[in-house]
Amino acid sequence: MKQTPLHVIGGGLAGSEAAWQAAEAGVPVVLHEMRPVRGTDAHKTDGLAELVCSNSFRSDDAETNAVGLLHAEMRLSGSLIMRAGDANQVPAGGALAVDRDGFSQAVTRALEDHPLIEITREEVPGLPPAEWDQAIIATGPLTAPGLAEAIRRETGAEALAFFDAIAPIVHFDTIDMDVAWFQSRYDKVGPGGTGKDYINCPMDKDTYLAFVQALLDGEKTAFKEWEGTPYFDGCLPIEVMAERGVETLRHGPMKPMGLTNAHKPDEKPYAVVQLRQDNALGTLYNMVGFQTKLKYGEQVRVFRMIPGLENAEFARLGGLHRNTYINSPALLDGTLQLKSRPGLRFAGQITGCEGYVESAAMGLVAGRFAAAERLGRALTPPPPTTAFGALLNHITGGHILAEDEPGKRSFQPMNVNFGLFPPVEVPKQEGKRLRGKEKSAAKKRALTARALADCRAWLGIAEKEAAE
């Protein structure tokens, strides 16, 4: 009996990987890509999986880096994106960087040559028709206007397509709590709160003035031509606020009112930087009001001037850029399926993940889910202890609701990072107490070892190897 095909809309990294995974599972696929019929402001070719920005897939270290771990899990899963990346690698130290043309050509050729994949060059102007049954939308941050509007109508929620303000996010265990303290402003107990819902980092006058000057002097990222008008009310970059006057920040996001330094109760801070819990695990905190266009290296340098954040490690740095993504935690189930329309899944950047590899990974997972459903097999999500599962959980429900700001979405795109993983016990070393960088590295190795073991079990690799 001939199977009804799975339709995948979008031939970027996520769509290409979703199509490959489904076809490799034995499900016929129709991959719809609108280029070259309709171009975008960022793409230059009609190749599938074209890299429009950097040519780097970032760290390939699977022991102490979360994206390197994601590489390893994708390789275990038979990823086309990783296969093409490995085959077109160029020197980049510990990172995996690729020849962008060779990479795109390899992905395009593999998909064109697959007997179960049909590539259709056309724009899909609206949601997939009901007769398609199973479909995946993987159209990325440059979703065509017609499809974006159709998504809005279907979900009743706005699919964002404007400059998205992103504040930096810090790993909680790198904040110096001998300097910082927990307290809500005026000890206010909000919905679900305790009166100690923020981490506060105090500044004296000299530190504050030096910090403001560093913001003003720091090197900024320029907007791309196609990004249009950058700013909108309520989302000014912190350095733009600083340009409006030296006292602006301490009467805005850095105001010290209603806060008492728990370590020095008799000493009134001149200014305070607040951080708010960002994920349900409590492992990540975002810097309130710190959306910025400072370059990444400058952000790390300047923000480590803040008392308590001298050794901060960042899960995500700040930014302000055009982005299109849906409110996935509210709209998607745990298998990336639209709750209001069974059979329609989303994958890649449009779901609220950042990065080439993360987008491809969610395409991989969506393709596997869709194939399993088409073949009548159980839909088993990857364990939350894996990089696949940690990223999936962030997309479908790992965020914190912004109870104190009604109507504001707290869910924002993010790269994979260890702050998304459930905590792990670090193995003790006999006769040695681990501290600092040694402890951090041991924790990362424990997380990756657990993740790879659980990923192998999810994929059934452990059983296959045992049988052989």
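Look up: the structure comes first, before these words.
Presented here is a report on the structure given in the accompanying data block. It should be emphasised that the depicted structure is a prediction, and the values quoted were computed from it without experimental measurement.

A short note on the pattern of salt bridges
Part 1 of the reasoning: Considering all chains together, one arrives at 14 salt bridges under this definition.
Part 2 of the reasoning: Among the salt bridges present, the one from E33 reaches R35, with a minimum N-O distance of 3.1 Å. Each member of the pair E33 and R35 is classed as buried.
Part 3 of the reasoning: Look at the salt bridges and you will find they share partners, linking E33, R35 and E50 into a network.

Description of the sheet that holds strand 4 (residues 89-90)
Part 1 of the reasoning: Pairing is antiparallel in the open sheet, where three strands are placed in the order 3-5-4. Across the chains shown, the open sheet's two edge strands, defined by having one partner strand only, are strand 3 (56-59) and strand 4.
Part 2 of the reasoning: With two bridges connecting them, strand 4 and strand 5 (residues 95-98) associate as antiparallel partners. If you follow Q89 over to strand 5, its bridge partner there is V98.
Part 3 of the reasoning: The sheet contacts of helix 2 (residues 66-76) involve strand 3 and strand 5, and relative to strand 3 the element is tilted by about 115°.

Re unusual backbone geometry
Part 1 of the reasoning: Residue P36 is reached from R35 by a cis peptide bond, and omega for that bond is 5°.
Part 2 of the reasoning: Position of P36 among the secondary structure elements: in the loop between strand 2 (29-33) and strand 3.
Part 3 of the reasoning: Positive phi values are uncommon outside glycine, yet D133 reaches one of about 65°.
Part 4 of the reasoning: Its location among the elements puts D133 in the loop between strand 6 (117-121) and strand 7 (135-137).
Part 5 of the reasoning: Relative accessible area serves as the criterion here: at 42%, D133 is assigned to the partly exposed category.

Looking at the environment of L338
Part 1 of the reasoning: Examined against the element boundaries, L338 turns out to sit in the loop between helix 9 (328-331) and strand 16 (344-346).
Part 2 of the reasoning: Given the relative accessible area of 3%, L338 is considered buried.
Part 3 of the reasoning: Residues contacting L338, with those up to four places away along its chain left out, are E154, T155, L331, L332, L344 and F346.

So, the side chain of H171
Part 1 of the reasoning: Along the chain, H171 falls in strand 9 (residues 169-171).
Part 2 of the reasoning: Contacts of H171, omitting those with residues within four sequence positions, involve T283, L284, E313, F314, A315, N417, F418 and G419.

Here we look at the sheet that holds strand 12 (residues 271-277)
Part 1 of the reasoning: In spatial order, the strands read 10-11-12-13-9-14; together these six strands make up an open sheet with antiparallel pairing. Edge positions in the sheet fall to strand 10 (181-182) and strand 14 (314-316), since each has one partner strand and no second.
Part 2 of the reasoning: Relative to strand 14, strand 9 runs antiparallel, the two sharing two bridges. Directly across from V170, in strand 14, lies its bridge partner F314.

Considering the packing of helix 2 against helix 12 (residues 436-459)
Part 1 of the reasoning: Where helix 2 contacts helix 12, the axes come no closer than 10 Å and their chain directions differ by 20°. The angle between helix 2 and helix 12 places the two elements in the roughly parallel class. Along this stretch, helix 2 crosses helix 12, giving a crossing that reads as right-handed. From helix 2, L69, A72, E73 and L76 reach across to helix 12, where they touch T448, A451, L452, C455, R456 and L459.

A closer look at the packing of aromatic side chains
Part 1 of the reasoning: As enumerated under the stated definition, the model contains eleven aromatic pairs in all.
Part 2 of the reasoning: Judged by centre distance (6.2 Å) and plane angle (35°), the rings of F172 and F182 are tilted. On the criterion of sequence distance, the pair formed by F172 in the loop between strand 9 and strand 10 and F182 in strand 10 is long-range, its members being ten residues apart.
Part 3 of the reasoning: An angle of 55° between the planes, with centres 5.6 Å apart, marks the rings of F418 and F421 as tilted.
Part 4 of the reasoning: Judged by relative accessible area, F421 falls into the buried class, the value being 1%.
Part 5 of the reasoning: Feature note: the residues F57, F103 and Y356 constitute an aromatic cluster, connected by ring pairs.
Part 6 of the reasoning: Positioned above the aromatic ring of Y270 is the side chain of R250, whose terminal nitrogen or guanidinium carbon lies 3.8 Å from the ring centre.

Topic: the pairing of strand 11 (residues 198-203)
Part 1 of the reasoning: The buried fraction of strand 11 amounts to six of the six residues, a majority that puts the element mostly inside the structure.
Part 2 of the reasoning: Residues of strand 11 alternate between two faces, with Y198, N200 and P202 on one and I199, C201 and M203 on the opposite face, all of them buried.
Part 3 of the reasoning: The pairing of strand 10 with strand 11 spans two bridges and is antiparallel. By the bridge assignment, W181 is partnered in strand 11 with N200.
Part 4 of the reasoning: As defined by bridge partners, strand 11 adjoins strand 12 across six bridges and the pair is classed as antiparallel. Paired with N200 across the strands is Q274, a residue of strand 12.

Definitions and limits used
Residues numbered from 1 in each chain as written. Predicted model: local features only at pLDDT ≥ 70, side-chain atom pairs only at ≥ 80, totals over all residues. Heavy atoms only, no water. Salt bridge = Lys/Arg side-chain N within 4 Å of Asp/Glu carboxyl O. Buried < 20%, exposed > 50% of the residue type's maximum accessible area, 1.4 Å probe, protein only. Pairing = 2+ DSSP bridges. Helix = DSSP H or I, 4+ residues; strand = E, 2+ residues; numbered from the N terminus. Contact = heavy atoms within 4.5 Å. Axes fitted to C-alpha atoms, helices over the stretch in contact; angles between N-to-C directions. Parallel < 35°, antiparallel > 145°, perpendicular 65-115°, else oblique. Left-handed = near helix turned anticlockwise from the far one by under 90°. Phe/Tyr/Trp six-rings, centres within 6.5 Å; stacked < 30°, edge-to-face > 60°. Lys NZ or Arg CZ within 6 Å of the ring centre and 35° of its normal.

Any link to function would need more than the numbers given here.
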